[in-house]
Amino acid sequence: MHARRPHHFVNSPSLRLRNPFHAAAPRPWSRILALGAGLTGALIAGVFLWAFFTPFFAIKRITIESSLILPHGTITEAVAAQLSQRRFGLISQRNLLVFSSPDIVRRISALFVVEQVAVKKIRPHTIHIIIKERPRKAIWSSRGNFYMLDAQGVVLGVAPENAQEEDLVIYAEGSDEPPQTGDQVVTPNLLQFIATLA
């Protein structure tokens, strides 16, 4: 019979088995990060609500600067029509931060033939509109309405009430249709000839 050899045991580090159903306790720094993220989100939401849904940036004043006389009432009405609309389907354009400058430039350009329109937002309550007009050379009268003409005989827009007292007035009562902004109703040569007769 063979003699049994003695067993040699080697000491090995003990293994700690964790319970897979036991959640680990959160570390302190993770709680701080979560709290900081929550406070930051609440701050951003508060600033958003304050800026866009309170009267702090509500438009209360509209100023118009132009080189010649334009009917400011017509321009103010165009601005008022835009103020009644919303952007993004949510925020009223009465808010200075949301008011669309390109939209009002397009509205004014559709009403009058001008060289340039610029819009400045003066916080917290003012819209300032700067209009560089094309020089007015005459007034075109059609069916009791008066329209401004430039040197090319192009209709610049509806004339202000006192314009016919200051400018050359061309009466064209036989016209069937009122002219539209941008229409050329007389040639430059004819306009110049009429001016020499006045």
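Residues numbered from 1 in each chain as written. Predicted model: local features only at pLDDT ≥ 70, side-chain atom pairs only at ≥ 80, totals over all residues. Heavy atoms only, no water.

**Q** What am I meant to see in the sheet that holds strand S6 (residues 138-142) here?
**A** Pairing between the strands of a sheet comes from backbone hydrogen bonds, and it takes one of two forms, parallel or antiparallel. Taking strand neighbours across the sheet as the criterion, the four strands line up as S8-S7-S6-S9 in an open arrangement whose pairing is mixed. Of all the strands in the sheet, just strand S8 (155-158) and strand S9 (169-171) have a single pairing partner and so form its edges. Across the sheet, the axes of successive neighbouring strands diverge by a mean angle of 30°, strand direction being ignored. Alignment of strand S7 (residues 145-149) against S8, held across three bridges, turns out to be antiparallel. If you follow Leu 149 over to S8, its bridge partner there is Val 155. (Pairing = 2+ DSSP bridges. Helix = DSSP H or I, 4+ residues; strand = E, 2+ residues; numbered from the N terminus. Axes fitted to C-alpha atoms, helices over the stretch in contact; angles between N-to-C directions.)

**Q** Would you take a moment to explain the packing of helix H2 (residues 72-83) against helix H3 (residues 101-111) for this structure?
**A** When two helices pack together, their arrangement is given by the angle between their axes and by how far apart the axes lie. It is at 10 Å that the axes of H2 and H3 come closest, and there the two elements cross at 140°. With respect to H3, the element H2 is oriented oblique. Of the two elements, H2 crosses H3, and the hand of that crossing is right-handed. On the side of H2, the interface is formed by Thr 74, Ile 75, Ala 78, Val 79, Ala 81 and Gln 82, while H3 contributes Asp 103, Ile 104, Arg 107, Ile 108 and Leu 111. (Parallel < 35°, antiparallel > 145°, perpendicular 65-115°, else oblique. Left-handed = near helix turned anticlockwise from the far one by under 90°. Contact = heavy atoms within 4.5 Å.)

**Q** What exactly am I supposed to notice about unusual backbone geometry here?
**A** The general pattern is negative phi for most residues beyond glycine and trans for most peptide bonds. Each neighbour pair has its own omega, and for Arg 123 with Pro 124 the value is 10°, a cis peptide bond. At Phe 88, a residue that is not glycine, the phi angle is positive and equals roughly 60°. For Phe 88, the location among the structural elements is in the loop between strand S2 (86-87) and strand S3 (91-92). On the accessibility criterion, Phe 88 (68% relative accessible area) is exposed. One non-glycine residue, Arg 143, lies in the positive phi region at around 55°. (Buried < 20%, exposed > 50% of the residue type's maximum accessible area, 1.4 Å probe, protein only.)

**Q** I would appreciate a short explanation of the packing of aromatic side chains in the present structure.
**A** For the structure shown, the criterion picks out five aromatic pairs. Where Trp 50 meets Phe 56, the ring centres are 4.9 Å apart and the plane angle is 40°; that geometry is what we call tilted. With centroids separated by 5.7 Å and ring planes inclined at 70°, the aromatic side chains of Trp 50 and Phe 57 adopt a geometry described as edge-to-face. You can call Trp 50 partly exposed: its relative accessible area is 42%. Ring pairing ties together the aromatic residues Phe 48, Phe 52 and Phe 53, which thus form one cluster. (Phe/Tyr/Trp six-rings, centres within 6.5 Å; stacked < 30°, edge-to-face > 60°.)

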